[in-house]
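Each chain, written out:
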Amino acid sequence: MRSRVAPASSQRRRVLRGIAGGAVAAFAPLTASAAACGAEATLVTPRRGGFLGRLRPSSGETVVLTAGAAGALPAGNTHGPLAYRARRDGALFLNPTIVVNRGDRLRARVVNALDAPTTVHWHGLTVDERNDGVLPLVAPGAPYDYVFEVRNRGGLYWFHPHPHGATAGQVHDGLFGLVDVEDDETIALRDALDVGPRRGETTLVLQDRRSAGRYVRSPVADVHGFFGDAMSVNGVGCATLDVDTRIHRLRIVNACNARTFLLGLRTFEGREVPFHVIGNDGGLLAAPVQATAAFLAAAERLDVLVDLRAAAVGDTLILETRTFDPMHAEVDMPDAPSDADAHASHGTQTPADPHAAHRAAAASVDPQAAHRDHAGPGGGAAAATWPEGSPRDLVTLRVRRQVRTDRTIPTTLSAPLASIATTDAHERPLRLGFKSGHWRINDRVFVMGETPIEVTRGSTEMWLLRNYHTSMPHAMHLHGFAFEVQERETSPAQVGALAVDARGRLATDLGRKDTVLVWPGESVRVAIRFDLAFEGPQTYMFHCHNLEHEDGGMMLGVRVA
Ligand code: C2O
Ligand code: CU
Ligand code: CU
């Protein structure tokens with residue numbers, strides 16, 4: 001254990017240098033929008049009800065979630081106009097965190113109080129197709145009962161609408177919630193760290209939004225994805241978090257339509273502070289992995305520990321997203337002649353259209369400029385004010401209390417997950433590309449009812465996700481089955497720089513995943529065991545979680561039988 005320190009300011013500086021471990025990096029000053037942030041809101045886990053409040057249904061209880069107007073929100077709130085509302089014991093929950101034990105039956109009645117059809121998809125949870133939230137559509141005014149056993153490992157999962165073609169707007173406008181699955185290992189971890197939802201553990205839901213209000217579609221956003229100008233963390237714009245001098249756990253969810261973050265921590269003085277990755281989409285890792293930065297794409301979750309034992313009262317840390325190249329190399333694609341046919345026949349990543357390579361090179365010189373050139377209404381205009389890959393402060397952590405702690409970062413977090421055996425795996429290439437106005441998988445655009453991916457129940461497959469150099473990053477997500485990232489190849493330098501093993505994997509690739517970001521030019525291998533706990537054939541979705549790409553048809557049906 002490190003020694004305790006007096007909160008004298010000169011000493012405080014030294015302590016923070018200690019936390020930073022000597023790593024000094026240059027950081028941009030506060031962005032204009034962050035500086036103009038206005039009313040600060042302190043993030044707290046509400047005791048009863050509230051935004052993201054923890055709702056633990058008793059056995060047999062049905063949680064009634066009404067999808068509709070969020071209602072009056074407190075000042076400083078940047079949450080959208082919509083929310084899932086639930087009432088329990090007189091308390092009102094907005095976008096609740098449903099807390100369940102692994103093995104429990106989750107019962108949720110969704111009441112559609114919108115003026116459009118909706119559904120609820122239980123992102124990351126292993127359910128049958130009846131509960132997967134693709135079909136049936138729930139008509140305005142109608143209820144639908146989702147009932148399923150929670151089979152997944154302990155971890156943070158989430159739920160959101162999934163009505164094909166309208167998902168982006170409903171999620172942007174505020175419809176999402178969380179599912180915290182608890183099991184023996186997650187309970188043991190909380191005990192070991194002496195943390196809990198109101199004690200050294202904070203869930204952070206990150207979402208960028210249109211400050212002007214409701215979602216607006218635009219041709220630019222349809223290609224790039226929607227990028228908001230306003231940031232919302234747990235529904236507020238200027239998020240601060242009061243922390244103690246102990247090990248603090250942050251459970252982060254990227255609920256953006258399209259934006260990837262490059263997350264990191266820095267001191268107020270601008271020194272990089274390392275953190276420990278302890279889990280991701282599919283629950284806890286076997287052991288913590290230290291990191292100084294992590295990409296977090298749409299729909300991904302990241303569980304980290306921040307060691308504040310050597311901090312002093314008055315210290316400030318900032319959770320930020322840093323500068324990176326968003327690699328939107330497809331900026332001119334809507335007008336570009338199609339080259340996907342050539343890819344299909346040769347299976348090569350060389351662009352058939354020589355201009356595409358040229359444009360890609362030009363765009364990579366100044367990707368922000370490419371965004372600005374395309375600024376239009378909605379996503380385009382928003383991209384111009386806060387382009388993807390430009391920095392912003394997300395949460396200010398203020399050390400408020402000195403506490404005694406004898407806890408340390410655990411060396412083991414969970415029983416090691418057996419690596420998925422792939423010797424007999426069927427290899428399935430899946431190419432991500434753009435043609436004739438649509439993002440596609442293997443040159444196909446989604447058609448409801450079609451299942452181009454047919455999988456044998458109980459089999460293991462190795463999916464080879466290949467993204468063209470001329471493309472942009474795609475956050476590929478599979479319903480129903482957690483997968484194991486086996487390898488990243490030909491990664492861009494900014495991605496390769498974060499690799500933690502010889503297979504090019506990142507800290508955010510370890511353990512079990514349901515969403516993986518595939519960068520332009522990259523090949524990512526994922527192993528999937530299609531063990532099916534349900535009778536009869538089941539259809540799931542494989543899609544890009546850039547919601548504009550998904551709504552535009554960058555999705556394929558997967559039939560497991
Ligand atoms: Cu969270 Cu099919 O998506
Ligand atoms: Cu999903
Ligand atoms: Cu995509």
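Residues numbered from 1 in each chain as written. Chains lettered and ligands numbered in written order. Predicted model: local features only at pLDDT ≥ 70, side-chain atom pairs only at ≥ 80, totals over all residues. Heavy atoms only, no water.

A. A look at the environment of L284. Along the polypeptide, L284 turns up in strand 20 (residues 283–291). For L284, a relative accessible area of 3% gives the class buried. Residues contacting L284, with those up to four places away along its chain left out, are R153, G154, E185, T186, L189, R249, I278, G279, D303, L413 and S414. (Helix = DSSP H or I, 4+ residues; strand = E, 2+ residues; numbered from the N terminus. Buried < 20%, exposed > 50% of the residue type's maximum accessible area, 1.4 Å probe, protein only. Contact = heavy atoms within 4.5 Å.)

B. Broad picture of the confidence of the model for the protein. On average, residues of the protein score 87 in pLDDT, and 83% of them reach the 70 mark or higher. Low pLDDT, under 50, characterises residues 1–35; the stretch is placed with 57 contacts to residues that sit more than four places away or in other chains. A low-confidence stretch, residues 333–383 stays under pLDDT 50, and its non-local contacts, those more than four residues away or across chains, total 80 contacts. (pLDDT = per-residue confidence, 0-100.)

C. Looking closely at the pattern of salt bridges. All told, the structure shown has 46 salt bridges when counted by the stated rule. A salt bridge links E61 to R88, with the shortest nitrogen-to-oxygen separation between them at 2.6 Å. One end of the pair, E61, is in the loop between strand 3 (54–55) and strand 4 (63–69); the other, R88, is in strand 5 (residues 82–88), with 27 residues separating them in the sequence. A relative accessible area of 22% means that R88 is categorised as partly exposed. With a closest N to O distance of 3.5 Å, D173 and R214 form a salt bridge. Pair noted here: D173 is in the loop between helix 3 (167–172) and strand 12 (177–182) and R214 is in the loop between strand 13 (201–209) and helix 5 (219–224), with a separation of 41 residues, a long-range link. Connected via shared salt-bridge partners are R54, R56, D180, E182, R190, E201, R249, R251 and D303. (Salt bridge = Lys/Arg side-chain N within 4 Å of Asp/Glu carboxyl O.)

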